[in-house]
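The chain contents come next:
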Amino acid sequence: MSVRNEPAITPELVKEHGLTPDEYQRVLAILGRTPTYTELGVFSVMWSEHCSYKSSRAFLGRFPTRGPRVLQGPGENAGVVDIGHGWALAFKMESHNHPSYIEPYQGAATGVGGIMRDVFTMGARPIANLNLLRFGRPEHPKTPYLLDRVVAGIAGYGNCMGVPTVGGELFFDGSYDSNCLVNAMTVGLLRADRIFRGNASGPGNAVLYVGSKTGRDGIHGATMASEAFGEGSEEKRPTVQVGDPFTEKLLLEACLELMEKDIIIGIQDMGAAGLTSSSCEMAGRAGTGVELNLERVPMRETGMTPYELMLSESQERMLMVVKQGGEEEARAVFQKWDLDAEVVGRVTSDGMLRARWHGEVVAEIPAREISDQAPEYERPRSRPRYLDETAKLDESSIPVPSDLNATLVRLLGSPNLCSRRWVWRQYDHQVMVGTVEGPGGGAAVVRLPQTGTGVALTAGCNSRYVFLDPRLGGCIAVAECARNISCTGATPIALTDCLNFGSPENPEVLWTFVEAIEGVSEASEKLDIPVVSGNVSFYNETSGSAVFPTPAIGMVGVMEDVTRAIGIGFSQAGMRVALIGQFRPQAGGSEYLAAIHGKTAGTPPALDLAAEARVQSLVRKLAGDGLLKAAQDVSDGGVAVALAEMCLRPGQPMGVTVRLPGPAASRPDVLLFGETQSSILIAFAPEMEAAVRAAASSADVLFVPLGMTGGAKLVIEGLIDAPLDHLRDAHENGLKKVLEHSRAGAA
Amino acid sequence: MKAKVYVTLKNGVLDPQGKAVEHALHSLGFSEAGEVRLGKFIEVQLSGTDRAAAAERVRQMCEQLLANTIIENYRYEIE
Amino acid sequence: MKTAVVVFPGSNCDRDIYHVCRHVMRWSTEFVWHKETTLPAGTDLVILPGGFSYGDYLRSGAIARFSAIMSAVKSHADRGGAVIGVCNGFQILTESGLLPGALCRNRDLKFICAPVGLRVENAGSIVTRAYRAGERIRMPIAHADGCYQAGEETLKRLEGEGRVLFRYVDEAGEPSERGNPNGSLHNIAGVLNDRGNVAGLMPHPERCAETILGSTDGRRFFESLVK
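Residues numbered from 1 in each chain as written. Chains lettered and ligands numbered in written order. Predicted model: local features only at pLDDT ≥ 70, side-chain atom pairs only at ≥ 80, totals over all residues. Heavy atoms only, no water.

Participant: Where do I start with the overall build of chain A in this structure?
Facilitator: Helix and strand counts for chain A come out as 26 helices and 28 strands. Whereas a compact globule of 747 residues would reach a radius of gyration of roughly 27 Å, chain A reaches 26 Å, a difference of no more than 12%. On the principal axes, the C-alpha backbone points of chain A span a range of 85 × 50 × 50 Å. Classification of the 747 residues of chain A by burial places 65% in the buried group. In chain A, the proportion of contacts linking residues at least 24 apart, taken out of those at least 6 apart, comes to 85%. Roughly 24700 Å² of accessible area belongs to chain A as shown, and the carbon and sulfur atoms make up 48% of that amount. (Helix = DSSP H or I, 4+ residues; strand = E, 2+ residues; numbered from the N terminus. Rg over C-alpha atoms; globule rule 2.2 N^0.38 Å. Buried < 20%, exposed > 50% of the residue type's maximum accessible area, 1.4 Å probe, protein only. Contact = heavy atoms within 4.5 Å. Areas by Shrake-Rupley, 256 points an atom, 1.4 Å probe, with all protein chains shown as cover.)

Listed below in structure tokens is the structure:
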């Protein structure tokens with residue numbers, strides 16, 4: 001088959017398309033002939049790492065994905081879980097790392113736009129956004145610029161859409177100097193019996209293109225996301241897509257309106273690899289074929305070719321299959337919202353993805369084979385040598401700071417522990433009038449006015465832990481998210497992951513990848529929180545230097561009575577403060593060790609998943625019984641930072657005086673700032689103490705009374721005595737200092 | 001024909017974007033840069049051949065939509 | 001109270017205001033699509049909600065004011081009917097000339113979502129009757145273009161005629177530079193038209209009208225309308 005005016009297929013052209021000789025042989029075998037130029041483009045994007053998961057697929061099956069609440073597991077646009085009362089949540093997290101490094105505002109904005117489309121294609125109205133951000137060292141010249149523009153991009157898109165950004169995580173480390181991470185998560189609400197899927201069934205049904213017109217933007221974006229950065233990557237700007245949140249808002253409303261009618265068979269976002277992947281995947285899932293008439297695709301630029309139309313990654317577009325005869329009804333809805341909607345093809349029964357250009361066939365590929373026959377690699381793995389080095393930590397070589405108060409102030413103002421208010425003040429976190437607990441705490445809580453219930457949401461990952469012990473780090477990432485959700489009183493029910501790693505062709509990177517999956521899976525099983533969606537982002541490395549392995553976790557939880565939701569702040573004086581669970585602070589892997597002593601070393605704190613499950617279940621019970629005023633886990637920065645955050649959280653800070661347990665011989669710095677697992681600080685009214693103690697004892701969880709709230713200081717007897725306004729200044733101004741590096745850098 | 005429309009903030013109206021650019025120019029060493037004012041540049045393709053009529057229509061476009069005359073000035077060229 | 005909430009393309013606080021009017025205030029409330037040319041029969045109150053009408057791509061509110069429904073809104077106001085604009089709705093009201101002044105980019109160029117202190121300047125208006133004059137309240141703001149600007153003459157009239165509804169204030173209750181989140185002239189957060197039936201403000205009363213959301217300071221804004 002040959003097509004007029006298309007370049008001839010040469011070995012160079014095949015190579016430029018990122019296909020290996022073996023992969024090209026597969027293409028020839030599937031087609032039984034030389035591909036056309038358009039077909040070569042289709043295989044190139046569909047078999048890119050980004051779309052095919054060719055290096056990761058072999059390992060992703062490890063994730064536990066089933067559970068009584070799971071209505072849709074991995075493999076669709078988003079996962080869906082039942083939250084009772086006839087409702088469900090659809091959610092997913094996705095990376096937009098490479099585009100955000102090249103053009104941070106648009107990269108981050110379109111990342112947010114893409115994940116919201118993934119969620120509303122399931123029939124869900126997005127009710128909350130979260131994000132997980134990673135940047136290089138604060139003093140790196142690009143860091144302040146990337147931080148400023150990424151945050152502005154997320155805000156620009158999410159705010160315009162009217163979806164609150166309620167939480168997230170921000171972390172700085174030198175390993176992200178040349179590869180920032182921008183992971184965006186969206187949670188949507190839908191009727192449990194009204195789930196839409198990306199399915200092109202029913203030959204004869206119409207394939208409808210809706211949304212923005214197609215331009216040349218983003219051609220080969222998916223291929224770009226599948227390459228490591230080298231010199232010159234910053235010159236790749238022309239492939240950057242520009243987001244149009246206004247159009248997406250119209251698309252959201254129009255799609256939800258159309259979904260009320262009974263004419264949509266299937267729907268899918270045209271995200272990475274655009275028309276190609278949406279049509280292939282929809283046909284592939286249904287076992288049908290799709291025939292497209294590319295000249296009917298609404299175009300923004302003149303002279304576009306079939307190749308470009310198939311590969312464009314223009315944003316804010318959807319592909320829909322509607323019942324034959326329903327075309328006009330669908331078109332009318334889109335017209336109401338001033339959106340383009342064109343019938344660009346039909347579902348067929350021959351299983352072929354066929355694209356025509358003014359009648360001439362320019363591509364004809366068996367749709368299912370593109371994914372079924374996609375290459376899959378089980379590349380070599382080896383345990384990284386650095387682990388032997390980092391595991392050696394001689395605590396006695398770490399000097400104990402002479403002024404613990406000053407150390408606390410430094411930690412609270414340090415880039416990884418200081419207040420993120422500067423970030424989330426730019427996100428509309430209250431639109432939709434559902435935000436009960438917003439950003440700045442552990443997990444966010446959003447009420448569902450339809451039922452009076454609440455959902456708790458969080459995203460996080462201690463990537464330093466994963467670096468130091470990939471399996472344990474993966475385990476802890478899940479446990480900490482679940483703990484944050486439990487601290488609000490909600491029960492964690494499902495998670496999504498976004499696995500950000502270096503090149504899978506590096507055996508050491510692949511080893512950490514597989515170990516991290518094992519850790520995430522283990523915790524997911526033991527804590528009974530299935531994985532319902534996920535995303536893999538490889539090649540986060542530059543010139544051979546990879547980011548910290550970062551299996552970001554996004555998690556959702558539910559609570560029956562949202563008025564029982566607990567925050568982290570000490571809101572009243574005279575409250576008792578206690579610790580439940582284990583308390584075994586250690587220096588290894590801690591933020592304290594990194595921020596104060598400049599060391600990334602040791603191994604993460606031990607985690608006993610059974611003990612973890614017990615303490616989480618206890619805190620949920622206490623909250624549900626209305627016994628608690630506040631709860632927060634002890635994590636990075638240790639118990640001193642956790643207490644300081646609880647003091648500083650309310651609009652009007654509230655002091656506390658506590659005495660810490662611990663052998664007299666132990667190091668005071670490790671006691672205060674060391675990190676531990678399965679440890680939760682709680683506050684409650686004095687008259688509740690007996691009930692709290694009894695509940696802890698019957699749950700077989702250690703209960704340690706610490707002290708009482710009141711005053712305007714944080715006092716940890718014998719160790720810390722600090723006025724809150726002093727702590728607050730440090731905490732609130734930490735990020736400003738990071739941002740000011742840019743001015744200094746420019747001068 | 002083509003209209004080129006320039007919309008700028010009136011003198012005296014706070015222009016934080018202009019201020020930010022001015023500050024950045026100074027920190028890049030362009031100490032000769034004085035006050036910076038940021039505005040919008042809008043190109044409108046026009047049908048017809050009567051320049052005078054076109055100019056009048058463009059003026060109406062500016063008055064009604066392209067500029068907010070409470071805070072903005074405008075000028076235009078017809079090419 | 002029969003309420004019409006106008007939905008422009010890009011409105012995103014329409015459902016929030018609807019929720020408060022319908023489920024908290026228990027008013028008869030309807031959405032009205034911007035392409036309509038008339039308001040529902042018997043409409044008492046028209047609300048222009050917050051959001052990013054037409055993406056706010058040219059200027060906030062600049063395009064929405066040409067929507068078909070706006071002639072009906074103007075006629076309603078001309079007949080003395082109540083019209084309220086919140087955030088983007090306020091921007092649309094100033095762009096369409098129903099309220100004086102204009103709303104420009106925030107002083108620090110950033111979108112700001114935060115609770116702010118407000119002082120009730122005029123406690124006799126249709127939207128402030130349930131507050132006490134000089135009372136200090138808190139409401140959230142969420143905008144990038146909330147810096148209120150107006151000519152000196154206009155400001156003098158607004159001040160002289162008691163048409164400044166709310167002013168941004170600091171913790172001490174003073175309309176200081178520090179208490180001013182966006183650079184608004186005279187710390188103005190909301191204004192009234194000369195006839196007293198059209199009100200606009202940047203803060204979001206609908207986001208603080210229920211206990212579960214942490215504050216009910218905004219609830220009296222709505223209660224004023226039926227007082």
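More follows now that the structure is in view.
Participant: Would you take a moment to explain the overall build of chain C for this structure?
Facilitator: Counting secondary structure elements, chain C contains five helices and eleven strands. For 227 residues, the compact-globule formula gives about 17 Å, and the C-alpha radius of gyration of chain C, at 16 Å, lands near that figure. Considering only C-alpha atoms, chain C reaches an extent of 45 × 35 × 30 Å along its principal axes. The buried share among the 227 residues of chain C stands at 67%. For chain C, long-range pairs separated by at least 24 residues make up 75% of all intrachain contacts whose partners lie at least 6 apart in sequence. Carbon and sulfur atoms make up 47% of the accessible area of chain C, which amounts to about 7800 Å² in all. In chain C, the 27 positive side-chain charges and the 25 negative ones have mean positions that sit 3 Å from each other. (Lys, Arg positive; Asp, Glu negative; His and termini not counted. Charge placed at Lys NZ, Arg CZ, Asp CG, Glu CD.)

Participant: How do you make sense of the pattern of salt bridges when you look at a structure like this?
Facilitator: Any two side chains of opposite charge can pair if their charged atoms end up close together. All names here are of chain A. Taken as a whole, this structure holds 70 salt bridges over all chains when the rule is applied. Arg137 is paired through a salt bridge with Asp177; the nearest N and O atoms lie 2.4 Å apart. Taken together, the residues span a long stretch of sequence, with Arg137 in the loop between strand 4 (125–135) and helix 8 (143–161) and Asp177 in the loop between strand 5 (165–172) and strand 6 (181–191) at a distance of 40 residues. Residue classification places Arg137 among the partly exposed positions, given a relative accessible area of 35%. (Salt bridge = Lys/Arg side-chain N within 4 Å of Asp/Glu carboxyl O.)

Participant: Just to check I follow, could you spell out the environment of Thr563(A) for this structure?
Facilitator: Residue and element names in this part refer to chain A. Its place among the elements puts Thr563 in the loop between strand 21 (550–559) and strand 22 (576–581). Residue class for Thr563 comes out exposed when judged on its relative accessible area of 58%. When the C-alpha atoms of Thr563 and Gly452 are compared, they prove to be 8.3 Å apart, with 111 residues separating the residues in sequence. Looking at Thr563, its side chain comes within polar contact range of the side chain of Asp561, at 2.6 Å. (Polar contact = N/O pair within 3.5 Å; in protein donor to acceptor, adjacent residues only side chain to side chain.)

Participant: Even after reading the chapter, I still don't get the sheet that holds strand 26 (residues 703–709) of chain A, so can you show me in this structure?
Facilitator: Residue and element names in this part refer to chain A. The sheet built from seven strands is open, its strands ordered 23-25-22-26-24-27-28 with mixed pairing. Since the sheet does not close on itself, it has two edges, and those belong to strand 23 (628–633) and strand 28 (720–723), each with one partner. Across this sheet, the average inter-strand angle for adjacent strands is 20°, counted without regard to direction. Strand direction decides the pairing type here: strand 22 and strand 25 (residues 679–684), joined by six bridges, are antiparallel. Bridge assignment links Val577 to a residue of strand 25, and that residue is Ala683. (Pairing = 2+ DSSP bridges. Axes fitted to C-alpha atoms, helices over the stretch in contact; angles between N-to-C directions.)

Participant: Hey, could you run me through the pairing of strand 22 of chain A in this one?
Facilitator: Along any regular strand the residues' side chains alternate between the sheet's two faces. All names here are of chain A. Most of strand 22 is tucked away: five of the six residues are buried. Relative to strand 26, strand 22 runs antiparallel, the two being bridged by five bridges. Considered in strand 26, the bridge of Ile580 is made with Phe703.

Participant: Can you walk me through the sheet that holds strand 13 (residues 360–366) of chain A in this structure?
Facilitator: In a beta sheet, neighbouring strands pair by backbone hydrogen bonds and run either parallel or antiparallel. Residue and element names in this part refer to chain A. With mixed pairing, seven strands are arranged side by side in an open sheet as 8-10-7-11-9-12-13. The outermost strands of the open sheet, each flanked by one partner alone, are strand 8 (264–269) and strand 13. Recorded for the sheet is a direction-independent mean angle of 20° between the axes of neighbouring strands. Contacting strand 7 (206–211), strand 10 (317–322) and strand 11 (340–348), helix 13 (residues 327–336) runs over the sheet at an angle of about 150° to strand 11.

Participant: What exactly am I supposed to notice about the interface of chain A and chain C here?
Facilitator: Size of an interface: often given as the accessible area lost when the parts come together. Contacts between the two partners involve 32 residues from chain A, matched on the other side by 27 residues from chain C. Between chain A and chain C the total buried area reaches about 2400 Å² when both faces are included, carbon and sulfur atoms providing 59% of it. Considering only the side of chain A, the residues that lose the most area to chain C are Phe246(A), Arg425(A) and Val433(A), jointly responsible for 25% of the buried surface there. One salt bridge connects Arg447(A) with Glu210(C), and the closest N-O pair in it is separated by 2.8 Å. At the boundary of chain A and chain C, one finds twelve residue pairs in polar contact (both at pLDDT 80 or more). For the side of chain A that touches chain C, the secondary structure elements donating two or more residues are helix 8, helix 10 (245–259), helix 13 and strand 14 (435–437) of chain A. Considered class by class, the residues forming the side of chain A that touches chain C number 14 nonpolar, nine polar and nine charged. (Buried area = accessible area lost by both parts, 1.4 Å probe. Nonpolar A, V, L, I, M, F, W, Y, C, P; charged D, E, K, R; others polar.)

Participant: Would you mind going over the nonpolar core with me for this structure?
Facilitator: Within soluble globular proteins, side chains that are nonpolar tend to cluster in buried spots. Leu147(A), Phe334(A) and Phe166(C) are the most contacted members of the largest nonpolar core, which has 125 residues in total. Of the residues forming this core, the biggest block, nine residues, is contributed by helix 10 of chain A. When neighbours within four sequence positions are excluded, Leu147(A) is seen to be in contact with Phe135(A), Leu170(A), Phe172(A), Trp422(A), Leu735(A), Val738(A) and Leu739(A). Counting 72 residues, the second-largest nonpolar core is a separate cluster that includes Tyr53(A), Cys475(A), Ile485(A) and Val536(A). (Core = buried A, V, L, I, M, F, W, Y, C linked by side-chain atoms within 4.5 Å.)

Participant: Please clarify how the packing of aromatic side chains should be interpreted in this entry.
Facilitator: Counted under the stated rule, the structure contains 22 aromatic pairs over all chains. A centroid spacing of 4.4 Å and a plane angle of 20° characterise the contact between Tyr18(C) and Phe31(C), whose relative ring orientation is stacked. Separated by 13 residues along the polypeptide, Tyr18(C) in helix 1 (residues 14–24) and Phe31(C) in strand 2 (residues 28–33) bring together distant segments of the chain. Assessed through its relative accessible area of 21%, Tyr18(C) is described here as partly exposed. Owing to a relative accessible area of 37%, Phe31(C) belongs among the partly exposed residues under this scheme. Taken together, the aromatic side chains of Phe171(A), Tyr176(A), Tyr386(A), Phe467(A) and Phe548(A) make up a single cluster linked through ring pairs. Looking at Lys142(A), its charged tip hangs above the ring of Tyr101(A), at a distance of 4.4 Å from the centre. (Phe/Tyr/Trp six-rings, centres within 6.5 Å; stacked < 30°, edge-to-face > 60°. Lys NZ or Arg CZ within 6 Å of the ring centre and 35° of its normal.)

Participant: Would you mind showing me how to read helix 13 of chain A here?
Facilitator: Residues and elements named next belong to chain A. Where helix 13 is concerned, the buried positions are Glu327, Ala330, Val333 and Phe334. Within helix 13, the buried residues cover an arc of 130° as seen down the axis, which keeps them to one side. With respect to the buried face of helix 13, the exposed residues turned more than 90 degrees away are Glu328 and Gln335. Packed against the buried residues of helix 13 are strand 7, helix 10, strand 10 and strand 11. Positive phi appears at Asp338, one or two residues downstream of helix 13, with a value of about 55°. (Arc of directions from axis to C-beta.)

Participant: I would appreciate a short explanation of the confidence of the model for chain A in the present structure.
Facilitator: As a note on interpretation, predicted positions should not be read in detail where pLDDT is low. Summarising the model, chain A shows a mean pLDDT of 93, and 96% of its residues fall at 70 or more. In this model, residues 743–747 of chain A is a region of pLDDT below 50 whose contacts with residues beyond four sequence positions or in other chains number four contacts. (pLDDT = per-residue confidence, 0-100.)

Participant: Would you explain unusual backbone geometry in this entry?
Facilitator: One can expect most non-glycine residues to show negative phi and most peptide bonds to be in trans. In this structure, His85(A) is a non-glycine residue whose phi angle is positive, near 60°. Using a relative accessible area of 46% as the deciding quantity, one classes His85(A) as partly exposed. Of note in this structure, Asn187(C) is not a glycine but carries a positive phi near 60°.

Participant: When you look at the packing of helix 10 of chain A against helix 13 of chain A in this model, what are you seeing that I'm missing?
Facilitator: For any two helices packed against each other, one specifies the inter-axial angle together with the distance between the axes. Residue and element names in this part refer to chain A. Direction vectors running N to C along helix 10 and helix 13 enclose 145°, while the axes themselves pass 9 Å from each other. The hand of the helix 10/helix 13 crossing is right-handed. Listed contacts from helix 13 to Leu251, Ala254, Cys255, Glu257 and Leu258 of helix 10 are Glu329, Ala330, Val333, Phe334 and Lys336. Of the residues that constitute the contact of helix 10 with helix 13, the class distribution is seven nonpolar, no polar and three charged. (Left-handed = near helix turned anticlockwise from the far one by under 90°.)

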